[in-house]
Structures are given as C-alpha cells and as structure tokens.
Amino acid sequence: MEPIQSATGALSASPVISATGLTKRYDALDVLRGVDLDAHEGEVISILGASGSGKSTFLRCLNLLEVPSGGAFNVLGEDVRFRMKGAERQIADARQVNRLRSQVGMVFQNFCLWNHRTVLQNVMEGPVHVQGRNRHEVREEAEKALDRVGLLNRADYYPSQLSGGQQQRVAIARAIVMRPRVLLFDEPTSALDPELVGEVLKVMQGLAAEGRTMLIVTHEMAFARDVSSRVVFLEKGTVRVQGAPQDLFKGGMDERFDRFVSHFSRQG
Amino acid sequence: MDWPFLFATAKTLLTGVPLTLRLAATSLCAGFVLAVGIAALAGSRFAPARWIAALYVMLFQGTPLLVQIFIVYYGFGQIDFLRASFAWPFLQQAYWCAVLALSLNTSAYGAEIIRGAIAAVPAREIEAARAMGMSGLLLRRRIIWPQALQYGLANYGNEAILLLKATSLASVITLMDVTGLAYRLVSKTYRSEEIFTVAGLIYLALTFVIATGVHLLERRLTPCRQV
Ligand SMILES: Nc1ncnc2c1ncn2[C@@H]1O[C@H](COP(=O)(O)OP(=O)(O)O)[C@@H](O)[C@H]1O
Ligand SMILES: [Mg+2]
C-alpha cells in the first residue's frame, strides 16, 4: 500500500499504527479476516461498515482491548509482542501494552467516564496516575482541555449530572490530556440524542484540523466525507474498499459502498 | 408500669453494652480482613481457590451460628494440636471463642458482599481505565475499590447490624453481655417480659446509631447523589 499524504502535507516515514493481516475469531466466528491498515501521522481515517462488520473489534484490537488471533501489528514503531498459550495468542509483555495504550487515546460509544470522580478528576486521572506527571501542570492542561471542549464551567460536576453530549466531550478531553499520538473513536455520537451530535462532531473536527492522527468508526456520512482524509469501508471483517472521501463518495468506485451510503442517506 | 424497676433494669443491662460492642467491633474488623481474603480467593483465576472460597461460604452460611459457637467453645478443646498451640490461651476464654465464631461467620457473608460490590463496578469503566494504560493495583486502587466501596457500604452496614444482634448468642457460653445480664436478671426476678423488653430497646438504640453512622458515611462517599 502506498503511503498516503497527510493533512499537513508531510509524508511521514513510518506509520503511527500499522496492522497487517489482522484476524480475530471468537470460537467459530471469524470477525476479522485479515485487515491491513496503516495510519500515518496526521491522517484522519473514517471507518465505515454495516453493523457487525467488525469495526469495533478492529478498533479494540488496535488498543489491545482484544488480542488479535493473528496478524502482525505495530504501534508507534514498536512491534506488539504476543506469545502462544495453547492455541490462544496472549499478550507477551503487559508493560509494553500499558505503555502503548497510554499513547493511544480511545473514545467509546458510551463515554465510559468514571462515575465516582468529578469531570476534572476524570480528566486528570490518566496524566497524574498513569503517566506520573506533575499534578499542578496537569491541572492547568486539564482545564485548558475542558475549556476547549466548552465544559470548564462543569469541572466540579459528576458525570451523572451531564448530558450525553457533555459526557462525550469530557471523554474527549480525558483522551487528549494524555497527549496521545493517535486517537481512536468508536461511534462517538451513536449513543447521543440527535440534537447533541453536532457539539461532539464540532470538537472532533477541531482536533482533525490540528493535524491529529485519528481513526473514527462512525455512521455520520457527512462527517466522513468532509473531515476525513481517508475512508475505509469494512465488510465482513475485511477492507472492502478504501480511498480519499471525494473519490469514494462520488460513487462508482464500489457498488457495495455506494449501496451502503445510499442506505444511510435515505435514513438520514 | 413499674418505672423504678425498669430504670434499675436498664442501669444493669447498660453495663453489658461495652462487652456487646467489643464483641461486635472485634468480630467486624477480624471478619472484614477474612472476608477480603475469601473474596480474593473467590475472584481468583485458579479454580481450586474459587472452590475453597465457595466451600467456606457454604459452610458458614449453611450452619447455625449457635452451632458454630458451640463447636468452637466445646469442640476445639478436644483437638490435641489446638491445645498445644499458641492459640490455646485464647481459646480457653469464652470471649475469644465467641469472637472467633462470630468473625468466621460474618466473614462468609462479608465475602459475598465484597464480591457483589466488585462485580457491580461497571465493566466499561474498567475498560476505559485499561484503555488508558491502567492495570493491576493501580486500576484497583483508583477505579475498582473506590466504587465497590460505594456499592458495598450499605450492605456491609446491614451485616454490621446483623452481627451486633448476633452477639447476643455469646451469652450462651457464659458471656455477660446485654443478653447475658438480662438472662441472669430474669433468673433472679422472673420478670422476663419487662427485662427482655428493655434489652430489646437497648439493641434497637445501638442498631439505630450504627445505621445512622453508615448512612452518613454513605452520603459522604457518594457526593454525586446528593445534588
Ligand atoms: N466478545 C465477543 N464474543 C463473541 N462475539 C463477539 C464479541 N465481540 C463481538 N462479537 C461479534 O463480532 C461481530 C463484529 O462485532 P463488532 O466488531 O462489534 O461489529 P461492529 O462494531 O462493526 O458493529 C459481531 O457479529 C459480534 O456479535
Ligand atoms: Mg460497533
């Protein structure tokens, strides 16, 4: 696969994340059947696909929340090491995984904020306790991040006191104070009421414009078309087609993709 | 109603309150330590550890506390290696026999409460922490235990109240706690209704204090639900 021009125009030598022939099976179910994907610095990649096509599983593999059954996998220039236990692949080096995870931010569909901590505590938790950074500096950076997602005035609230859209914006702030090299989003707006989707997409658009590397599983077609630098279409656990959004959304590149898009436009 | 008699009775029975509280508090603390250990076994990756925990819980929940107290008090003296061990000076005393039986008994219930509280911590919040690079002790200390404490506190408070009431069984092995004193008074005066009513009121007051304390602690620990 050719390296792809990043949003900033720079062409980085090695990809931030590189998956080769990634497979995942649950018992008899092949969820991923060999996915190849390189994400370069500054790329914003939208991952589209029907429900059950393996999008979440793929994203979770990239953060090692799932251990891929096969394939090679490189994050930030480091090959992730596995070992075999019987017929099952396991993580070989838990410290390596924790190190990688702290540099790969993840935003979930259901926000997953920690309910026993305030908004500010949620955002400060990772930098202070995982990365061991100075509390005062982190606090400043956390407040900046909250300001950026428009929620500094909610710093002392608890997650249960916020709307879904606000919770998701806190989750994004929580991810970016870790200074991740890449951000993964798994349907970040799917659990939101329609009128709250916009505020989250706006924040994500701002992050993309900064030149951050992002992989986004989404059903927001307009967002995929207008914001991402590349669209990847998954079908039954493989990459059916990928390319620049302007090429793909023009239509005629792949019949299945066109049908998928028209299905969503009809709904929307 | 014979007020002077009731007052005299209350005065006598109240002298048993320190022993009742000491039994309950000692057993609660020792029982909690045991309960944490049993809960850890129950959540272990190794199946034999889980079996041991299940057996322990079944044993102590499945037999009457009174029988457990009798076994410790009358039964342990028959076992030679116990008589030879460092524990014997303790096991000769009814007080420590009662504490041992109460601790073992409450630990079985406590272990179940702890296990339930840990299981109640939302899996996705744990996942979010893992995704950020947390694991092991850090994950437990920062995310799992604080939340489990919130979920388990009310149940453990109930267990503390049940335990307080259960201490009255210690009177059958000669301890002069509130119930023991009441029983002795009855055997002297034969005015059982009045005396046991006063005893009951004393337990009720103690229970109320504990329940209020737990409730306040719970409010402190879950500030988000106050608003
Ligand atoms: N833990 C699991 N155990 C068994 N099957 C799973 C598990 N997680 C996902 N699957 C299955 O894998 C398939 C793909 O799931 P997922 O990656 O969530 O798809 P998507 O996010 O594209 O909707 C689905 O059929 C789902 O039922
Ligand atoms: Mg999904």
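Fair warning: this is a prediction, and the values are worked out from it, not measured in the lab.

What follows concerns the packing of helix H1 (residues 3-14) of chain B against helix H10 (residues 178-189) of chain B. The axes of two packed helices give the description: the angle between them and the distance between them. Residue and element names in this part refer to chain B. At their nearest, the axes of H1 and H10 sit 9 Å apart, and the two run at 140° to each other. Relative to H10, H1 is oriented oblique. Here Phe5, Thr9, Thr12 and Leu13 of H1 come into contact with H10, specifically with Val178, Leu181, Ala182, Leu185 and Thr189. Here the contact of H1 with H10 is composed, by residue class, of 6 nonpolar, 3 polar and no charged.

Moving on: the interface of chain A and chain B. Reports often express the size of an interface as the amount of accessible area lost when the parts come together. Contacts between the two partners involve 25 residues from chain A and, on the opposite side, 20 residues from chain B. Between chain A and chain B, the buried area comes to about 2100 Å², and carbon and sulfur atoms account for 58% of it. It is A:Trp114, A:His116 and A:His129 in chain A that bury the most area against chain B; as a group they hold 27% of the surface buried on that side. Taken together, chain A and chain B are joined by 2 salt bridges.

With that settled, the discussion passes to the UniProt feature "domain: ABC transmembrane type-1" (unreviewed entry) in chain B. Taking the numbering used here, the UniProt-annotated feature "domain: ABC transmembrane type-1" (unreviewed entry) corresponds to residues 17-214 of chain B. Counting secondary structure, residues 17-214 of chain B comes out at 82% helix and 0% strand; the distance between its end C-alpha atoms is 20 Å.

Moving on to the site of ligand 1. Residues and elements named next belong to chain A. Close to ligand 1 lie Tyr26, Leu29, Val31, Ala50, Ser51, Gly52, Ser53, Gly54, Lys55, Ser56 and Thr57, which account for all nearby residues. Between Tyr26 and ligand 1, the recorded distance is 3.5 Å, taken from a side-chain N or O atom to a nitrogen atom. Bound to the protein, ligand 1 loses 59% of the 560 Å² it would expose on its own. Mapped onto the shell around ligand 1, the elements with two or more residues apiece are strand S2 (29-39) and helix H1 (55-62). Examining the composition of the shell around ligand 1, we find that 3 residues originate from one element, H1, more than from any other. When grouped by side-chain class, the residues that make up the shell around ligand 1 number 4 nonpolar, 6 polar and 1 charged.

One pass over the full model with this rule turns up 0 disulfides over all chains. With no disulfide of its own, A:Cys61 lies closest to A:Cys112 among cysteine sulfurs, the gap being 17 Å. Classification of A:Cys61 as buried rests on a relative accessible area of 0%. In this model B:Cys97 remains outside any disulfide bridge; the closest cysteine sulfur is found in B:Cys29, 19 Å from its own. In this structure B:Cys97 comes out as buried when scored by relative accessible area, which is 0%.

This next bit is on the pairing of S2(A). Residues and elements named next belong to chain A. Where strand S1 (residues 17-26) meets S2, 8 bridges bridge the pair, whose relative direction is antiparallel. Paired with Ile17 across the two strands is Ala39, which belongs to S2. With antiparallel pairing between neighbouring strands as the criterion, S1 and S2 make up a hairpin whose turn holds 2 residues, including Asp27 at a positive phi of roughly 45°.

Moving on, we come to the domain arrangement of chain A. All names here are of chain A. Taken domain by domain, chain A holds domain 1 (14-103 + 183-268) and domain 2 (107-179). Once you take the C-alpha centre of each, domain 1 and domain 2 turn out to be 24 Å apart. On the side of domain 2, 19 residues touch domain 1, which itself brings 20 residues to the contact. Summed over both sides, the interface between domain 1 and domain 2 buries roughly 1500 Å², with carbon and sulfur atoms accounting for 63% of that surface. Contact with domain 2 buries area across many residues of domain 1, yet Ser102, Glu199 and Val203 alone supply 27% of it, more than any other trio. In this structure, the connection of domain 1 to domain 2 is made through 2 salt bridges. Glu199 is paired through a salt bridge with Arg169; the nearest N and O atoms lie 3.0 Å apart. Across the contact surface, domain 1 and domain 2 share 7 residue pairs in polar contact (both at pLDDT 80 or more). If you tally residues by element for the side of domain 1 that touches domain 2, the top one is helix H6 (residues 194-209), at 7 residues. Residues of the side of domain 1 that touches domain 2, tallied by class, amount to 12 nonpolar, 3 polar and 5 charged.

This paragraph deals with the pattern of salt bridges. Pairing is possible between side chains that carry opposite charge, provided their charged atoms lie close to one another. Under the definition given, this model contains 23 salt bridges over all chains. Residues A:Arg60 and A:Glu66 are paired through a salt bridge, measuring 3.0 Å at the closest nitrogen-oxygen approach. With a relative accessible area of 15%, A:Arg60 lands in the buried category. For A:Glu66, a relative accessible area of 15% gives the class buried. Ionic pairing is found between B:Arg115 and B:Glu112, a salt bridge with its closest N-O pair at 3.5 Å. Placement of the pair is B:Arg115 and B:Glu112 together in helix H7 (residues 94-119), with a separation of 3 residues, close to one helical turn. Overlapping salt bridges bring together A:Glu235, A:Arg240, A:Asp254 and A:Arg256 as one network.

Cut-offs applied
Residues numbered from 1 in each chain as written. Chains lettered and ligands numbered in written order. Predicted model: local features only at pLDDT ≥ 70, side-chain atom pairs only at ≥ 80, totals over all residues. Heavy atoms only, no water. Axes fitted to C-alpha atoms, helices over the stretch in contact; angles between N-to-C directions. Helix = DSSP H or I, 4+ residues; strand = E, 2+ residues; numbered from the N terminus. Parallel < 35°, antiparallel > 145°, perpendicular 65-115°, else oblique. Contact = heavy atoms within 4.5 Å. Nonpolar A, V, L, I, M, F, W, Y, C, P; charged D, E, K, R; others polar. Buried area = accessible area lost by both parts, 1.4 Å probe. Salt bridge = Lys/Arg side-chain N within 4 Å of Asp/Glu carboxyl O. UniProt positions renumbered as here; feature names shortened; annotations may be inferred. Near = heavy atom within 4 Å. Polar contact = N/O pair within 3.5 Å; in protein donor to acceptor, adjacent residues only side chain to side chain. Areas by Shrake-Rupley, 256 points an atom, 1.4 Å probe, with all protein chains shown as cover. Disulfide = S-S within 2.5 Å. Buried < 20%, exposed > 50% of the residue type's maximum accessible area, 1.4 Å probe, protein only. Pairing = 2+ DSSP bridges. Domains from an automatic or database assignment.

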